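Letter by letter, the chains look like this.
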Amino acid sequence: SFILVGIPGLEDAQFWIAFPFCTMYFVAVLGNITLLLVIKADERLHLPMFYFLSMLAAIDLVLTTSTMPKILSIFWFHSHEIHFESCVTQMFFIHSFSIMESGVLLSMAFDRYLAICKPLCYSAILTGPTIAKMGLAAAVRGIAIVAPVTCVVTSLSFCGSRVIHHSYCEHLSVVKLACGDTRLNNIYGITFATIVVGSDSILITVSYMLVLREVTGLSSREAYLKSFSTCGSHITVILLFYTPGLFSIYSQLWGQSIPTHLHILMADLYLLVPPMLNPLIYGIRTKLIRERVLSLL
């Protein structure tokens, strides 16, 4: 088994830090479940954009639930121990579902590109089977990338310290404890993180550049504001997801000057803030969802 420290340097404050963490976790779970139920119940929301939004909500639920209960138990009940199998399972879920979320965000950017730039082809291209295949592709890619590195971790020998200076079982933090040569793990992890995030973010950027070019040419002010508002919510969610994620990955390798507690705090918030804000952003900015939730209340 391993020992999860929590937030190194802030051990005395962890009890109080757990309260905002618990609040954000509660809001994330409630918001994403509400989003899933609203989309399922209202036939007006049975559209490609909302199907992708449902995938995003389901992924966010898995990401938060695979980490936050253990983090809260560390902060409140000093339950620092985690068995090796549980640690590897948690690591697999965190990394594979993060890659899946990136794939879904790319699919949502493609959806907005078609809706605004190719409206006549939209319904013909984004059919039910196509949406299902895109969701399946995102899931398969996440599993295919993370499964090999997870198998390699299970074959490593851990003969030294059992203390993981983190709040959860993150790949690089676990590999640091292994005996022998772990360069392959480090190279594999950073290479695929860079390729996935780099390729997805470039494609998302290109799609939104095309969308913004199309939007600025709209003659109707109402259509312009509506399109810009929809794209604005997507861009906000994308920035919330990628910025802390990249900071967490690269600061662990090359950010020796960054305080450890700041790095771990950002890594924790990376798995908590986007799942909490995604349903709020889409719920507030999407009229159909907002009306449905208000009618239920």
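- Looking at an unreviewed UniProt entry, one finds the chain named Olfactory receptor, with Apaloderma vittatum as its source organism.
- Looking at the chain in UniProt, the text filed under Function (unreviewed entry) is "Odorant receptor."
- Annotation of the chain in UniProt includes, under Sequence similarities (unreviewed entry), the sentence "Belongs to the G-protein coupled receptor 1 family."

1. Details of the overall build of the chain
Line of reasoning, step 1. In terms of helices and strands, the chain carries twelve helices and three strands.
Line of reasoning, step 2. Against the compact-globule benchmark of 19 Å for 297 residues, the chain has a radius of gyration of 20 Å, which places it among compact chains.
Line of reasoning, step 3. Counting only C-alpha atoms, the chain reaches 65 × 40 × 35 Å along its principal axes.
Line of reasoning, step 4. By residue count, 46% of the 297 residues in the chain fall in the buried class.
Line of reasoning, step 5. Excluding contacts between residues fewer than 6 apart, the proportion of contacts in the chain whose partners are at least 24 apart in sequence is 79%.
Line of reasoning, step 6. Accessible area of the chain: about 14500 Å², with a carbon and sulfur share of 70%.
Line of reasoning, step 7. Computing the positive centroid from 17 side-chain charges and the negative centroid from 16, the chain places the two 10 Å apart.

2. Regarding the sheet that holds strand 2 (residues 81-82)
Line of reasoning, step 1. Judged by pairing direction, the sheet is mixed, and its three strands sit side by side in the order 2-1-3 without closing on themselves. What marks the edges here is a single partner per strand, and that holds for strand 2 and strand 3 (163-164).
Line of reasoning, step 2. Alignment of strand 1 (residues 2-4) against strand 2, held across two bridges, turns out to be antiparallel. Paired with phenylalanine 2 across the strands is isoleucine 82, a residue of strand 2.

3. Digging into the UniProt feature "transmembrane region" (unreviewed entry) in the chain
Line of reasoning, step 1. Mapped onto this numbering, the UniProt entry gives "transmembrane region" (unreviewed entry) at residues 15-38, 50-72, 92-114, 135-158, 187-211, 223-242 and 262-282.
Line of reasoning, step 2. The span residues 15-38 is 100% helix and 0% strand, and its two end C-alpha atoms sit 35 Å from each other.
Line of reasoning, step 3. The span residues 50-72 shows a helical share of 91% and a strand share of 0%, and its end C-alpha atoms are spaced 32 Å apart.

4. Quick look at the pattern of salt bridges
Line of reasoning, step 1. For the structure on display, the rule yields three salt bridges.
Line of reasoning, step 2. With its nearest N and O atoms 2.9 Å apart, the salt bridge here joins arginine 44 to aspartate 42.
Line of reasoning, step 3. Its salt-bridge partner being aspartate 200, residue arginine 141 comes within 2.7 Å of it at the nearest N-O pair. Here arginine 141 is found in helix 6 (residues 128-154), whereas its partner aspartate 200 is found in helix 8 (residues 183-216), with 59 residues between them in sequence.

5. A short note on the state of the cysteines
Line of reasoning, step 1. Throughout the structure, instances matching the rule amount to two disulfides.
Line of reasoning, step 2. Here cysteine 87 connects covalently by a disulfide to cysteine 169, the sulfurs 2.0 Å from one another. As the torsion about the S-S bond is roughly -120 degrees, the cysteine 87-cysteine 169 disulfide counts as left-handed. Placement of the pair is cysteine 87 in helix 4 (residues 84-117) and cysteine 169 in the loop between strand 3 and helix 7 (171-175), with a sequence separation of 82 residues.
Line of reasoning, step 3. Judged by relative accessible area, cysteine 169 falls into the buried class, the value being 0%.
Line of reasoning, step 4. Bonded cysteines in the chain are paired 1-3, 2-4 when counted in the order they occur along the chain.
Line of reasoning, step 5. As a non-bridged cysteine, cysteine 121 has cysteine 117 as the owner of its nearest cysteine sulfur, 11 Å distant.

Cut-offs used in this document
- Residues numbered from 1 in each chain as written.
- Predicted model: local features only at pLDDT ≥ 70, side-chain atom pairs only at ≥ 80, totals over all residues.
- Heavy atoms only, no water.
- UniProt positions renumbered as here; feature names shortened; annotations may be inferred.
- Helix = DSSP H or I, 4+ residues; strand = E, 2+ residues; numbered from the N terminus.
- Rg over C-alpha atoms; globule rule 2.2 N^0.38 Å.
- Buried < 20%, exposed > 50% of the residue type's maximum accessible area, 1.4 Å probe, protein only.
- Contact = heavy atoms within 4.5 Å.
- Areas by Shrake-Rupley, 256 points an atom, 1.4 Å probe, with all protein chains shown as cover.
- Lys, Arg positive; Asp, Glu negative; His and termini not counted.
- Charge placed at Lys NZ, Arg CZ, Asp CG, Glu CD.
- Pairing = 2+ DSSP bridges.
- Salt bridge = Lys/Arg side-chain N within 4 Å of Asp/Glu carboxyl O.
- Disulfide = S-S within 2.5 Å.

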